[in-house]
Amino acid sequence: MSKTILVRGGRVVLPNGEAQTNLLLRDGKIVAVDASQRSAADEVIEAEGLIVLPGVIDDQVHFREPGLTHKEDLTTGSAAAAAGGVTTYLEMPNTNPPATDQAAIEWKYQRAAEVSQVNYGFYIGATESNVSELAAAQNVPGIKIFIGSSTGSLLVDDQLALERIFAETTLPICAHCEDETLVRQNRTRLGDQLSVADHSRIRDVEAAVVATSRALDLARRHQHRFHVLHVSTAAELPLLIDAAPYITAEVCLHHLFFSTDDYARLGTLVQMNPSLKSPRDTALLWQGLLSNRIQVIATDHAPHTLEEKSRPYPQSPSGLPAVENSLPLMLHQVHQGKCSLEQLAHWMSDAPARVWGLVGKGRIEVGYDADLVLVDPTLSRTITNESQFAKSRGSPWAGQALTGWPVRTVVGGVTAFLNGRLVDGVRGSRVRCDHARGGYWSTQSGIGT
Ligand code: DOR
């Protein structure tokens, strides 16, 4: 049965600015952005005093199912997403077993259809021997290569294997760029008396720069669509300035918010791959974002249990939970005047949708999917581990007070989260990717200076 919803009186963040306006939604789509406030509708959502944003699209999460579900699963990960205003996630293949063939991808889609409270897509993981699977892969946003190893067994370091992947596949590729050889050499050089701060000496600036340069060289020579995941150093930015128009980049919140100065306070809670770098790097990554050298903000939500994170370094695993708090963390930046709502919507919704060719996603515009998040810009709350829908209790942001929180998340026209509570039984849908449309740079010029 057809259902119409009027979202009335909100401050709506449109692709080209904000407007105080009404939205009309029908059957999961946006059908009008300047609707009369008297439009006939089956349901009215009062948005006065609220900001209406396109739902966040997080293009890098690890929800750990199958195999590592004591850390997270698709039920809890997607619940955390809904609570954080994230209406679509793209999930990484380093599960157990890893998602390196179509059968593993289909398993994830089937499981997500049963339990995921928001929309979903699953990357296929590269190995040194699955290029035919990668070439034939369907229903995936792209290929993930671990050029440096991280959690799990996925790693492609062999040059010939990398050449084949870039030459013989057509899906967009994204990569974790840390040079495996340098990381291993650094580890050996530093010996066994290690503290967590050594993580940034082992996974150092050079390891990131060498691997990113190598990946960009491959992308250029093969003219292959390529997305640099979690850029962590200022030294990578000049590489991106010269990059070709089929190349895009992402930064994660932890690299924008923390630096090596934070190890003393937060220990292994801020151990992640790529590692934290200097305060100067952190400041310049913000500049990279503001100047559109980096297009996308993601979380790399990579949960582990508190017991695992409490092990002494280097037995402690890398990664931290963030999907539930990424939007409030960025809204707080807006509150503090560091960026605008329009920029936030670009980095967290529109840009990832363009990079991955997500049909109908990322914008509040007629014809787009009704994936929305309504935010109270005056609401102040403190992040606590106990209040998370995600399994992990190891947020490095715990204790931080933020102003600006999601109060309602709408997935395909259906409210999935309202005033602190999940709505039972809401399910997202799989994303559709139109890679033929050419990616980020061909669909818009981006914003920034
Ligand atoms: O710190 C990280 N942890 N970085 C990654 O890229 C992977 C992740 C994980 O899966 O734990």
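Residues numbered from 1 in each chain as written. Predicted model: local features only at pLDDT ≥ 70, side-chain atom pairs only at ≥ 80, totals over all residues. Heavy atoms only, no water.

**A closer look at the site of the ligand**
Next up, step 1: Taken together, 14 residues sit near the ligand, with Arg64, Asn94, Thr151, Asn273 and Ser318 positioned nearest.
Next up, step 2: Within the backbone of Asn273, a nitrogen or oxygen atom sits 2.8 Å from an oxygen atom of the ligand.
Next up, step 3: Gly319 is positioned such that a nitrogen or oxygen atom in its backbone is 3.3 Å from an oxygen atom of the ligand.
Next up, step 4: A total of 290 Å² of accessible area belongs to the ligand in isolation, and the protein chains cover 100% of it.
Next up, step 5: Grouping the constituent residues of the shell around the ligand by class yields 2 nonpolar, 10 polar and 2 charged. (Near = heavy atom within 4 Å. Polar contact = N/O pair within 3.5 Å; in protein donor to acceptor, adjacent residues only side chain to side chain. Areas by Shrake-Rupley, 256 points an atom, 1.4 Å probe, with all protein chains shown as cover. Nonpolar A, V, L, I, M, F, W, Y, C, P; charged D, E, K, R; others polar.)

**So, the environment of Tyr109**
Next up, step 1: Mapped onto the secondary structure, Tyr109 falls in helix 2 (residues 102-115).
Next up, step 2: On a C-alpha basis, the gap between Tyr109 and Glu386 in space is 29 Å, while along the polypeptide they are 277 residues apart.
Next up, step 3: In contact with Tyr109, other than residues within four places in its own chain, are Tyr120, Gly121, Phe122, Asn139, Val140, Pro141 and Arg430.
Next up, step 4: Of note is the side chain of Tyr109, whose polar atom sits 2.5 Å from the backbone oxygen of Asn139. (Helix = DSSP H or I, 4+ residues; strand = E, 2+ residues; numbered from the N terminus. Contact = heavy atoms within 4.5 Å.)

**Regarding the pairing of strand 13 (residues 247-252)**
Next up, step 1: Strand 13 sits mainly inside the fold: 6 of its 6 residues count as buried.
Next up, step 2: Inspection of the sheet shows strand 12 (residues 226-228) paired to strand 13 by 3 bridges, in the parallel sense. Counterpart to His227 in the pairing with strand 13 is Thr248.
Next up, step 3: Pairing of strand 13 with strand 14 (residues 296-298), which is carried by 3 bridges, proceeds in the parallel orientation. For Glu250, the partnering residue across the bridge sits in strand 14 and is Val296. (Buried < 20%, exposed > 50% of the residue type's maximum accessible area, 1.4 Å probe, protein only. Pairing = 2+ DSSP bridges.)

**Comments concerning helix 14 (residues 341-355)**
Next up, step 1: For helix 14, spanning 15 residues, the distance from its first C-alpha to its last is 20 Å, which sits close to the expected 21 Å at 1.5 Å a residue.
Next up, step 2: Approximately 40 degrees is the largest bend angle found in helix 14, and it occurs at Trp347.
Next up, step 3: Counted residue by residue, helix 14 has 14 buried out of 15 residues, so it is predominantly covered.
Next up, step 4: Just beyond helix 14, the residue with positive phi is Gly357, at close to 60 degrees. (Expected span 1.5 Å × (residues − 1). Bend = angle between axes of the 7 residues up to and from the residue.)

**Structural notes on the confidence of the model for the protein**
Next up, step 1: Residues at a pLDDT of 70 or more form 99% of the protein, whose mean pLDDT is 96.
Next up, step 2: Mean pLDDT values over the elements of the protein span from 83, in helix 15 (residues 440-443), up to 99, in strand 7 (residues 86-91).
Next up, step 3: Per-residue pLDDT stays below 50 along residues 445-449; that stretch engages in 12 contacts with residues further than four places along the chain or on separate chains. (pLDDT = per-residue confidence, 0-100.)

**What about the pattern of salt bridges?**
Next up, step 1: In the structure shown here, the tally under the stated rule is 25 salt bridges.
Next up, step 2: Note that Glu43 is salt-bridged to Lys3, the shortest N-O span being 2.7 Å. Of this pair, Glu43 sits in strand 4 (residues 43-46) while Lys3 is found in the segment before strand 1 (4-14), placing the two residues 40 residues apart along the sequence.
Next up, step 3: Exposure remark for Lys3: the relative accessible area of 39% places this residue in the partly exposed category.
Next up, step 4: One salt bridge connects Asp198 with Arg201, and the closest N-O pair in it is separated by 2.6 Å. (Salt bridge = Lys/Arg side-chain N within 4 Å of Asp/Glu carboxyl O.)

**Thoughts on the sheet that holds strand 12**
Next up, step 1: Spatially, 9-10-11-12-13-14 is the arrangement adopted by the 6 strands of the open sheet, whose pairing is parallel. Bordering the open sheet on either side are strand 9 (124-125) and strand 14, each of which pairs with just one other strand.
Next up, step 2: Where strand 11 (residues 173-176) meets strand 12, 3 bridges bridge the pair, whose relative direction is parallel. Each residue of the ladder has a partner; that of Ile173, found in strand 12, is Phe226.
Next up, step 3: Contacts from helix 14 reach strand 12, strand 13 and strand 14 within the one sheet, and its direction differs from that of strand 14 by about 110 degrees. (Axes fitted to C-alpha atoms, helices over the stretch in contact; angles between N-to-C directions.)

**With respect to the nonpolar core**
Next up, step 1: Membership of the largest hydrophobic core comes to 99 residues, with the highest contact counts inside it found for Leu53, Tyr89, Ile145, Phe226, Ile294, Ile297 and Met330.
Next up, step 2: The element contributing the most residues to this core is helix 7 (residues 205-222), with 6 residues.
Next up, step 3: When residues no more than four places from it in sequence are discounted, the contact partners of Met330 are Leu253, Phe257, Trp286, Ile297, Cys339, Leu344, Trp347 and Met348.
Next up, step 4: Within the second largest apolar cluster, 17 residues are counted, among which are Leu23, Leu50, Ile364 and Val407. (Core = buried A, V, L, I, M, F, W, Y, C linked by side-chain atoms within 4.5 Å.)

**Describing the packing of helix 13 (residues 326-335) against helix 14**
Next up, step 1: Where helix 13 contacts helix 14, the axes come no closer than 9 Å and their chain directions differ by 150 degrees. In terms of orientation, helix 13 and helix 14 fall into the roughly antiparallel class. Remark: the crossing between helix 13 and helix 14 carries right-handed chirality. Along its contact with helix 13, which presents Ser326, Leu327, Met330, Leu331 and Val334, the element helix 14 presents Leu341, Leu344, Trp347 and Met348.
Next up, step 2: Across the contact of helix 13 with helix 14, the residue classes break down as 8 nonpolar, 1 polar and no charged. (Parallel < 35°, antiparallel > 145°, perpendicular 65-115°, else oblique. Left-handed = near helix turned anticlockwise from the far one by under 90°.)

**Examining the sheet that holds strand 7**
Where strands meet in a sheet, backbone hydrogen bonds hold them as pairs that are either parallel or antiparallel.
Next up, step 1: Pairing is parallel across the open sheet formed by 3 strands, whose spatial order is 6-7-8. Since the sheet does not close on itself, it has two edges, and those belong to strand 6 (56-61) and strand 8 (119-122), each with one partner. Looking at each pair of strands side by side, their axes are set apart by 20 degrees on average, direction ignored.
Next up, step 2: Along the sheet face, helix 2 touches strand 7 and strand 8 and points at about 170 degrees away from the line of strand 8.

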